[in-house]
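Now for the letters of each chain:
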Amino acid sequence: MLIKRIRYSGAYRMFVWVAKALADRGHEVTVFTFMNNDVNELPANIKWIQADLEQSGLWKKVSQTRQHIKECDADVSISFLLDANIINTLACIGLKTKSVICERNDPFKPHYYKLRLTKWMFRFADGAVFQLPKVAEYYSMVKGPTAVIPNPVVHVSEDIVLQPFEKREKVIASVGRLDMFQKRQDILFKAFAKFLGEHPDYTLKLYGDGPDESKLRELAKTLGIQDKVVFAGVTSHVHQVLSQARFFVLASDFEGIPNALMEAMSLGLPCISTKCRPGGAELLIQDGINGLLVSTNDVDAMCDAMQKMTDGAFADTLEREAKRIKERFSEETIASMWCDYVGLFATI
């Protein structure tokens, strides 16, 4: 399995989850990274090769990857995210090892120029895995076996219990990279500022860090909400902090399948999400039944949804339905889908 680096955010955590799921079910798994990692170790049943190729050109990365694939005598080489997908596809050409690429984001997003320039080469990939059918349609150039496999709901500790709505803090939680281009915390801030006019006793807590933190702090001051917004930083106890909030909000323009949204719903936390491209939130939320969906870039709609979430009786109905996501996307179900897909290559 190949990825540029391992970090703490969604796609990278899913990469590690898939590696562990395959290793736990009897596959011999080697992970290869070629840039500096934020994570120090992987589970003991996964071999990890860390190369320092950050300053190297494309062909050196391809050459080194190809060499490691040969040494591993791998049946399948699975890559996550665009840079690794390019390298994996090129490295496996002419080898018995089958290259499988995985798109974890929105291929339709603006300014995704590198994908526009390089997508032609994925006709040489031997297979592909996607999170959503719409993304699979974009990669129609892949000729080998493809599969749509969503993210799992990662197990929530039985010790974490959501308190009744009225007993929880008047906190709105949001989890994700502080990045206005994708995550659109600017829309969230503007909606929250309007919401405070009727509900001044609420606080917005942001969990995460990112390139736009200083800009968002300035925006909070401009909107006059700096005393009502908490920049809580990165947390390794996502379920714990979410369980203390009244409800959760995701304001993104685009996502794959949002892990933070899945985690919040699995607790039973009432959730608001934009209809972010290419459809991950709409896969998870049935509007008005287990959460609320609003259009992207719509401050008024986001504010109206927040207003609805202050109704405890309505929030309770959403909570009961939201928890069912654990059944639809259980770890065992999703792991079996990955094993079945990898097994296809034993017969090709």
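Here, the structure is the one placed above.
Residues numbered from 1 in each chain as written. Predicted model: local features only at pLDDT ≥ 70, side-chain atom pairs only at ≥ 80, totals over all residues. Heavy atoms only, no water.

A. Layout of the packing of aromatic side chains. Counted by the stated rule, this structure contains 12 aromatic pairs. Each ring, one from Phe 192 and one from Phe 195, has its centre 6.2 Å from the other, and the planes form 25°; the classification is stacked. Remark: Phe 195 and Phe 192 occur in helix α6 (residues 185-195); sequence separation between them is three residues, near one turn of the helix. This pair shows no difference in class: Phe 192 is buried, exactly as Phe 195 is. Note on Phe 195 and Tyr 202: the rings are 5.3 Å apart at their centroids and 80° apart in plane angle, and the pair reads as edge-to-face. Here Phe 195 matches Tyr 202 in class, with each residue buried. Through successive ring pairs, a cluster of aromatic residues spans Phe 108, Phe 122, Phe 130, Tyr 138 and Tyr 139. The ring of Tyr 112 carries the charged tip of Lys 109 above its face, separated from the ring centre by 4.5 Å. The lysine or arginine in question, Arg 246, covers the ring of Phe 165, its NZ or CZ lying 4.6 Å from the ring centre. (Phe/Tyr/Trp six-rings, centres within 6.5 Å; stacked < 30°, edge-to-face > 60°. Helix = DSSP H or I, 4+ residues; strand = E, 2+ residues; numbered from the N terminus. Buried < 20%, exposed > 50% of the residue type's maximum accessible area, 1.4 Å probe, protein only. Lys NZ or Arg CZ within 6 Å of the ring centre and 35° of its normal.)

B. Layout of helix α7 (residues 213-223). All of the buried residues in α7 are Leu 216, Leu 219 and Ala 220. Around the axis of α7, the buried residues are gathered within 105° of arc, so they sit on the same side. Turned more than 90 degrees away from the buried face of α7, the exposed residues are Lys 215, Lys 221 and Thr 222. The inward-facing, buried residues of α7 contact α6 and β10 (229-233). Where α7 terminates, the next one or two residues include Gly 224, which has phi positive at roughly 75°. (Arc of directions from axis to C-beta. Contact = heavy atoms within 4.5 Å.)

C. Region of the structure containing the sheet that holds strand β9 (residues 203-207). Here six strands make up an open sheet; going across it, the order is β10-β9-β8-β11-β12-β13 and the pairing parallel. One side of each edge strand has no neighbouring strand; the edge strands of this open sheet are β10 and β13 (292-294). Averaged over all pairs of adjacent strands, the angle between strand axes in this sheet comes to 25°, irrespective of strand direction. Packed on one face of the sheet, α6 meets β8 (171-175), β9, β10 and β11 (247-250) and runs near 160° to β9. (Pairing = 2+ DSSP bridges. Axes fitted to C-alpha atoms, helices over the stretch in contact; angles between N-to-C directions.)

D. Seen up close, the nonpolar core. Grouped together as the largest cluster of nonpolar side chains are 62 residues, with contacts concentrated most on Phe 122, Tyr 139, Leu 242, Phe 248, Leu 261, Met 265 and Leu 284. Beyond its immediate stretch of four places on either side in the chain, Leu 284 contacts Ile 257, Pro 258, Leu 261, Met 262, Met 265, Asn 290, Ile 325, Arg 328 and Phe 329. In terms of nonpolar packing, the next biggest core, distinct from the first, is built from 34 residues, Tyr 12, Ala 19, Trp 48 and Val 100 among them. (Core = buried A, V, L, I, M, F, W, Y, C linked by side-chain atoms within 4.5 Å.)

E. Here's a closer look at a nonpolar patch on the surface. Taken together, the side chains of Ile 93, Trp 120 and Phe 124 define a hydrophobic patch exposed on the protein surface, amounting to about 310 Å² of accessible area. As for its position among the elements, Trp 120 is in the loop between α4 (113-118) and β6 (127-130). For Trp 120, a relative accessible area of 47% gives the class partly exposed. (Patch = residues over 30% accessible without salt bridge, like charges linked within 9 Å, V, L, I, M, F, W, Y side chains within 5 Å. Areas by Shrake-Rupley, 256 points an atom, 1.4 Å probe, with all protein chains shown as cover. Salt bridge = Lys/Arg side-chain N within 4 Å of Asp/Glu carboxyl O.)

F. Structural detail: the pairing of strand β5 (residues 98-103). Among the six residues of β5, five are classified as buried, and the element is accordingly described as predominantly covered. Of the strand pairs in this sheet, strand β4 (residues 76-80) and β5 are connected by five bridges, and their pairing is parallel. By the bridge assignment for β5, Ser 77 is matched with Ser 99. Assessed by its sense of winding, the connection that carries the chain from β4 through helix α3 (residues 82-91) to β5 is right-handed. Pairing of β5 with β6 involves four bridges; the strand directions are parallel. Its bridge partner being in β6, Glu 103 is matched across the sheet by Phe 130. (Right-handed = clockwise from strand over helix to strand, strands pointing away.)

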